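Tertiary structure, described
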Amino acid sequence: MEKLIQCKNITVEFDVMHKGTNKVLKAVENVSLDIYKGEVLGIIGESGSGKSTLSSAILRLIRQPGRISQGDVVYLNGENLLAISEKEFNKYRWKEIAAVFQAAQNALNPVITIKEHFIETYLAHKPNTKEEEILNKAKELLGFVRLEEKVLSSYPFELSGGMKQRVLIALSLLLDPKLIILDEPTTALDVITQWYILEILRKINKERGVAIVFLTHDISIIGSMVDRIAVMYAGEIVEVGDVMKVYSSPRHPYTKALLGAIPSLNDDISTRKSIKGAPVDMLDLKNECRFANRCVYKGKVGCNGLYENANALLNVSDNHFSKCGYWRDLDDE
Amino acid sequence: MIKKIVVLLLTVLIAVIATFFIIELMPGNPVDILAKDIVTTQGISYQDAYRKAITLLNYDPNLPMHEKLLNFAKDLLSGNMGVSLKYKANVLDIVLSALPWTLLVAGTSTLIAFVIGVSIGMFAAWKKSKTLNLTLDTTASIMGAIPEYILGFFLIIIFSVTLKIFPSRGAYSTSVDVGFNLPFIIDVAKHATLPILAFFIVNVVNWITNMRATAVNILGEDYIQYANARGLSNKDIIFKYVGKNALLPMITSLASTFGMLVGGAPLIEDLFAYPGIGYYLGNATGARDAVLMQGMFFTIIITVIFCNFLVELLYGYIDPRLRRKGGH
Amino acid sequence: MLKKIKNDFSGINDFFKIIFMNKQAAVGFIILLIFILMAVFGPIIIKPQIADYANRLQAPSFQHWLGTDFSGKDTFKQFVLGSRDVLSIALFAGVFTIAIGVIIGISSGLIGGLVDEILMMITNVVQTIPNFPVLMVLSLIISANNTLAFGLILSLWSWSGLARAIRAQTMSLKHKDFIEASRLLGMGKGYIIVNDILPNIIPFIAVNFIMVMKSSIMASVGLMVLGLAPFSGEHWGIMLDIALTKTGALLGSASTVYLWTPIVGIVLFQLSCYMFSKGIEEAFNPRIRTSISGKKVKTINLKPLLKGKDNGEINSM
């Protein structure tokens, strides 16, 4: 498969004030990740894992006090998206890469109609198009996400959460992008609407060949959706690979723990295990594996929690990588 | 909507009652005072003078309270505001001649301060420059501490006395013919400049601070990020996204600012001897001309009430949320 | 008992620590303090002056620090003597405004219904009708020649903003859990008001108090400049009025120091009020407090500040 996007060694830093001193927080550290054309990639991570920051980096939406301090984002055509000018990058915005934001509640401008959103987005990239043409396309897309035409003349406050989310999805398709990044698109929604939206996303991927990157903390919904899965923790990718392989044989303690924590309708809840401990302090990173303080394998399989055994993605099998140096020894505890 | 009109009428009613009580509560008997004055100037008997005084003042102290109030309200609302004791002219005429001047100064300065203040505030929020913000903050602190009339006083010293560019008194010179001719308009503008400037300087800072704060808040909202992600131009974001969202709530402030300016008119107009409503109210109060006081006081209140009402209506129409839902 | 006093003190200590962390507020506070000291001790130290027309309108000298005024009295001493009136009026205006605003705001918020509608309508009217013209008319009707009465008059039209804010806060608190808890425990309305609601509205009150002091100066000076306030000659507003009218200062003469003194005094007082109020706002804003000190700042327990006032009868909890 062709690589649509290759993220290489991306680091995103934030200047923060802590206890009266200026410190630097690395929300994303040295992350490399490929996105293939037409695939569905899921990025799993808890709050603060860096997944949203990573997507913001790709979309070049990082603002003060943050900055991308290192890394490349190489596109299909060989261009490094981080190196070109803002004006140049605008050509990629929405036409090649689109986004659907978290909390759709507030992504739309409260004082203009949905119709206006479509028109302005289109005209920002293809300035001389006739309004009628844009509206026709908008109606088609709204139909695709099962929304009525009259939504166009509504204001955002007149729509429900699910409807707004579908509007965002329709908007993302407006210029036929090759990639859509969705950040927690279903978090604020009820289960039924959630399922509905996942259906639509599957349709988009199958029928239009659009690559989808799906960010979420909810590992239970992602299994049926994605081709590949990447797991992020404390600003790093700790495991990435085919979803079937990762699910059946997780090769990182964090992934194992995550999968072990999901309740299912069949299980006895007493067999579920939560992950003990709290995430590492990102402002005070010591030279050790970031999952060390919560890892059940530390001290057991010969691991001392040293960072040198946890700082590179190791090849587990074809298209399956893990950062845990002891991945071979992780059997069920 | 109906509720708004009810509130409006109620406020007007309260204004009428309050105005009535000015004469009612004034120490001394204004009818008596006026009657004595008429006796000396017109040489008629005290009884006749007394009756005349009652007609002139719209006020008969011998009637019971509710009758007095009713008479007063009837007259007031039909345009009869009595005759000024000091100027010996119809109060309504004085009001009509003075109101345009106050509206000119208060209205112009409100508008200019709004437009310029909002633009600078938007600029400051966008640029995020520390120096600019610090300068604006310091200026705001200082301007907030200086009353308008003191500022007006300094303007007079600088521009009238020292530089001799702008006149310091009156609405127009006696040497110019009144009317829609250019020399008159220029003369009026010259005379209005310093009062407008005084109001402007003190108010523009408020708008700048307000707009900056609002714009900064809006710039942190999700929909701005989303607009960026879609590749919308800066121009679109500034006007359609920040501008529209910020200005909506500010329009209500416009009404209260105008109200404040009209309220502060007495001092500025006194300083500049500018013949507006405030000027006459000040003179009337000083001379204990109760009739004129009533007329001016009532006019000020009505002007502000109606201005507020208009702005409320305007806002209800502009804000799509209110327009669609038919009023929250 | 000792513990309670220690507790009360730490609350106040924290408060001042935060005020001083913000330089602007610290400066404001210090200037205000100077004025307060001037007002309290000045008239004790300085005797009321006698006119000495031979020495009028002199420039500043060692004998007369700011020169003399139109009647030969020492400008600086006049200024200091006047500060007491100025601050008393400001104080009374502040206290009365707070009292009215709090009563109306809490009643409106707690009782709701028709009472709320009526009170809010009154508040609306007061807010719409501009402040100064009303004061002009009132000054004619009520002759207030002492500071308390004058402060009262000034407060009559300045409480609307505070009442609204308190009402809004009361209404949002009404539904919070801890009030429900108090009600369930059988605590009377009085307890709820004092212990649950008041601590939460202290930030509004504090800021508003300072701002009312500020605007009362503006209003009272305005009335004096128009010649509508029957006050004797040391109040800064009267100094200003005299300077403008009697000594032809508008045309620029040797009496400029006499003119500048009240102006600078007024502006400095306003400025210090403004800066100090900003500091108070920050002191009560938990987000700013935490970010400044870095460590988890203990939420300022306002109850000790308040409980010290009521005579301990509701202290049993």
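Cut-offs used in this document
- Residues numbered from 1 in each chain as written.
- Chains lettered and ligands numbered in written order.
- Predicted model: local features only at pLDDT ≥ 70, side-chain atom pairs only at ≥ 80, totals over all residues.
- Helix = DSSP H or I, 4+ residues; strand = E, 2+ residues; numbered from the N terminus.
- Buried ≥ 20, exposed ≤ 12 C-beta atoms within 10 Å, placed from the backbone.
- Contact = placed C-beta atoms within 7 Å.
- Rg over C-alpha atoms; globule rule 2.2 N^0.38 Å.
- Core = buried A, V, L, I, M, F, W, Y, C linked by C-beta atoms within 7 Å.
- Domains from an automatic or database assignment.
- Nonpolar A, V, L, I, M, F, W, Y, C, P; charged D, E, K, R; others polar.
- pLDDT = per-residue confidence, 0-100.
- Pairing = 2+ DSSP bridges.
- Axes fitted to C-alpha atoms, helices over the stretch in contact; angles between N-to-C directions.
- Left-handed = near helix turned anticlockwise from the far one by under 90°.
- Parallel < 35°, antiparallel > 145°, perpendicular 65-115°, else oblique.

A word on the overall build of chain B. Counting its secondary structure elements, chain B contains 13 helices and zero strands. Secondary structure elements of chain B, listed N to C terminal, follow the sequence α-α-α-α-α-α-α-α-α-α-α-α-α. Overall size of chain B, expressed as C-alpha extent along the three principal axes, is 85 × 55 × 40 Å. In chain B, buried positions account for 41% of the 328 residues. By sequence separation, contacts in chain B at least 24 residues apart represent 69% of the contacts at least 6 residues apart.

Summing up its helical and strand segments, chain A has nine helices and eleven strands in all. The globule rule puts the C-alpha radius of gyration for 333 residues at 20 Å, and the 21 Å found for chain A is close to it. Judged by the C-alpha coordinates and their principal axes, chain A covers about 65 × 50 × 45 Å. For chain A, the proportion of its 333 residues judged to be buried stands at 39%.

We now examine the nonpolar core. Counting 239 residues, the largest nonpolar core has L179 and I212 of chain A together with M296 of chain B as the members making the most contacts within it. Broken down by element, this core gets its largest block of residues, 17 residues, from helix 9 (residues 189-225) of chain C. Summarising the domain contributions, this core has at least three residues from each of domain 1 (2-77) and domain 2 (94-327) of chain B. If we skip the residues at most four places from it in the chain, I212 of chain A touches V40, I180, L182, L201, I204 and N205 of chain A.

To continue, consider the interface of chain A and chain B. With 22 residues of chain A at the contact, the number on the chain B side is 20 residues. Taken together, the residues of the side of chain A that touches chain B break down into 14 nonpolar, five polar and three charged.

Take the interface of chain C and chain B next. How big an interface is tends to be expressed through the accessible area that disappears when the partners come together. The interface of chain C with chain B comprises 28 residues on the first partner and 37 residues on the second. With seven residues, helix 5 (residues 131-141) of chain C is the largest single contributor of residues to the side of chain C that touches chain B. For the side of chain C that touches chain B, the residue count by class is 21 nonpolar, seven polar and no charged.

Moving on: the confidence of the model for chain A. A residue-level look at chain A finds 96% of positions with pLDDT of 70 or above and a mean pLDDT of 87. Helix 7 (residues 219-222) of chain A is the least confidently modelled element of chain A, averaging 80 in pLDDT, while helix 3 (residues 114-125) of chain A averages 94, the highest of any element.

Within a sheet, neighbouring strands are paired by backbone hydrogen bonds and run either parallel or antiparallel to one another. Residue and element names in this part refer to chain A. Pairing is mixed across the open sheet formed by eight strands, whose spatial order is 5-6-7-3-8-9-11-10. Each edge of the open sheet is held by one strand with a lone partner, namely strand 5 (97-100) and strand 10 (314-317). Sheet twist, expressed as the average angle between the axes of neighbouring strands with direction ignored, equals 20°.

Residue and element names in this part refer to chain A. Here helix 3 crosses helix 4 (residues 131-144) at 115°, and the two axes come no closer than 10 Å. Between helix 3 and helix 4 lies a crossing of right-handed hand. Side by side, helix 3 and helix 4 meet where K115, F118, I119 and Y122 of the first sit next to E131, I134, L135 and A138 of the second. Looking at the contact of helix 3 with helix 4 residue by residue, the classes come out as six nonpolar, no polar and two charged.

Residue and element names in this part refer to chain B. In terms of domains, chain B is made up of domain 1 (2-77) and domain 2 (94-327). Computed from C-alpha coordinates alone, the two centres of domain 1 and domain 2 are separated by 35 Å. Counting residues at the interface gives twelve residues for domain 1, matched by eleven residues for domain 2. In terms of residue count, helix 1 (residues 2-25) provides more of the side of domain 1 that touches domain 2 than any other element does, eight residues in total. Its residues placed into classes, the side of domain 1 that touches domain 2 shows nine nonpolar, two polar and one charged.

Our next topic: the pairing of strand 1 (residues 3-18) of chain A. Residue and element names in this part refer to chain A. Of the strand pairs in this sheet, strand 1 and strand 2 (residues 21-36) are connected by twelve bridges, and their pairing is antiparallel. Each residue of the ladder has a partner; that of E13, found in strand 2, is K26. What sits between strand 1 and strand 2 in their antiparallel hairpin is a turn of two residues, with K19 showing a positive phi close to 50°.

Turning to its location among the elements, E120 of chain A is positioned in helix 3. Note: C-alpha distance between E120 of chain A and R208 of chain A (88 residues apart in sequence) is 23 Å. Excluding residues within four positions of it along the chain, E120 of chain A makes contact with L232 and D236 of chain B.

Residue and element names in this part refer to chain A. With respect to the helices and strands, L33 occurs in strand 2. Here the alpha-carbon distance between L33 and P110, two residues 77 residues apart in the chain, equals 36 Å. Residues in contact with L33, not counting those within four places in the same chain, are C7, A230, I237 and V240.

The element helix 11 (residues 277-287) of chain B is largely enclosed, with a buried count of nine among its eleven residues. What helix 11 of chain B keeps buried is the set I277, G278, Y279, Y280, L281, G282, N283, A284 and T285 of chain B. If you follow the buried residues of helix 11 of chain B, they end up packed against helix 5 (91-127), helix 10 (234-271) and helix 12 (290-318) of chain B together with helix 5 of chain C. Of the residues one or two after helix 11 of chain B, R288 of chain B is the one with positive phi, at around 55°.

The bulk of non-glycine residues show a negative phi, and the bulk of peptide bonds are trans. Residues and elements named next belong to chain A. Here the bond from Q64 into P65 is cis, since omega is 0°, no more than 30 degrees from zero. Its place among the elements puts P65 in the loop between helix 1 (51-58) and strand 4 (66-75). The phi torsion at N30 lies on the positive side, around 50°, for a residue other than glycine. On the basis of neighbour count, N30 is assigned to the partly exposed category, with 16 C-beta atoms found within 10 Å. With a phi angle near 60°, N319 is a residue other than glycine that sits in the positive phi range. Structurally, the position occupied by N319 is in the loop between strand 10 and strand 11 (320-322). For N319, a count of 12 C-beta atoms within 10 Å gives the class exposed.

The next thing to look at is the packing of helix 8 (residues 182-219) of chain B against helix 10 of chain B. All names here are of chain B. Where helix 8 meets helix 10, the closest approach of the two axes is 10 Å, and the angle between their N-to-C directions is 155°. Taken as axis vectors, helix 8 and helix 10 run roughly antiparallel relative to one another. When you trace helix 8 past helix 10, the crossing you get is right-handed. Here P195, A198, F199, N203, N210, M211, T214, A215, I218 and L219 of helix 8 lie close against helix 10, whose contacting residues are V242, N245, A246, M250, S253, T257, L261 and I268. Here the residues of the contact of helix 8 with helix 10 sort into twelve nonpolar, six polar and no charged.

Turning our eyes to something else, we now look at the sheet that holds strand 4 of chain A. All names here are of chain A. Here three strands make up an open sheet; going across it, the order is 2-1-4 and the pairing antiparallel. Of all the strands in the sheet, just strand 2 and strand 4 have a single pairing partner and so form its edges. Strand after strand, the sheet turns through a mean of 5° between neighbouring axes, direction not considered. Here helix 1 sits on the sheet in contact with strand 1, strand 2 and strand 4, set at roughly 115° to strand 1.

With that settled, the discussion passes to the pairing of strand 8 (residues 228-233) of chain A. For a regular strand, side-chain orientation follows a simple rule: the groups alternate between the two sheet faces. Residue and element names in this part refer to chain A. Strand 8 sits mainly inside the fold: six of its six residues count as buried. A two-sided burial pattern is seen for strand 8, the buried positions comprising R228, A230 and M232 on one face and I229, V231 and Y233 on the other. Pairing between strand 3 (residues 40-44) and strand 8: four bridges, direction parallel. Within strand 8, the position partnered with L41 by the bridge is R228. In the sheet, strand 8 pairs with strand 9 (residues 236-242) via six bridges, with the strands oriented antiparallel. Across the sheet, residue I229 finds its bridge partner in strand 9, namely G241.

On average, residues of chain B score 83 in pLDDT, and 97% of them reach the 70 mark or higher. The ipTM for the predicted assembly is 0.85, set against a pTM of 0.81.

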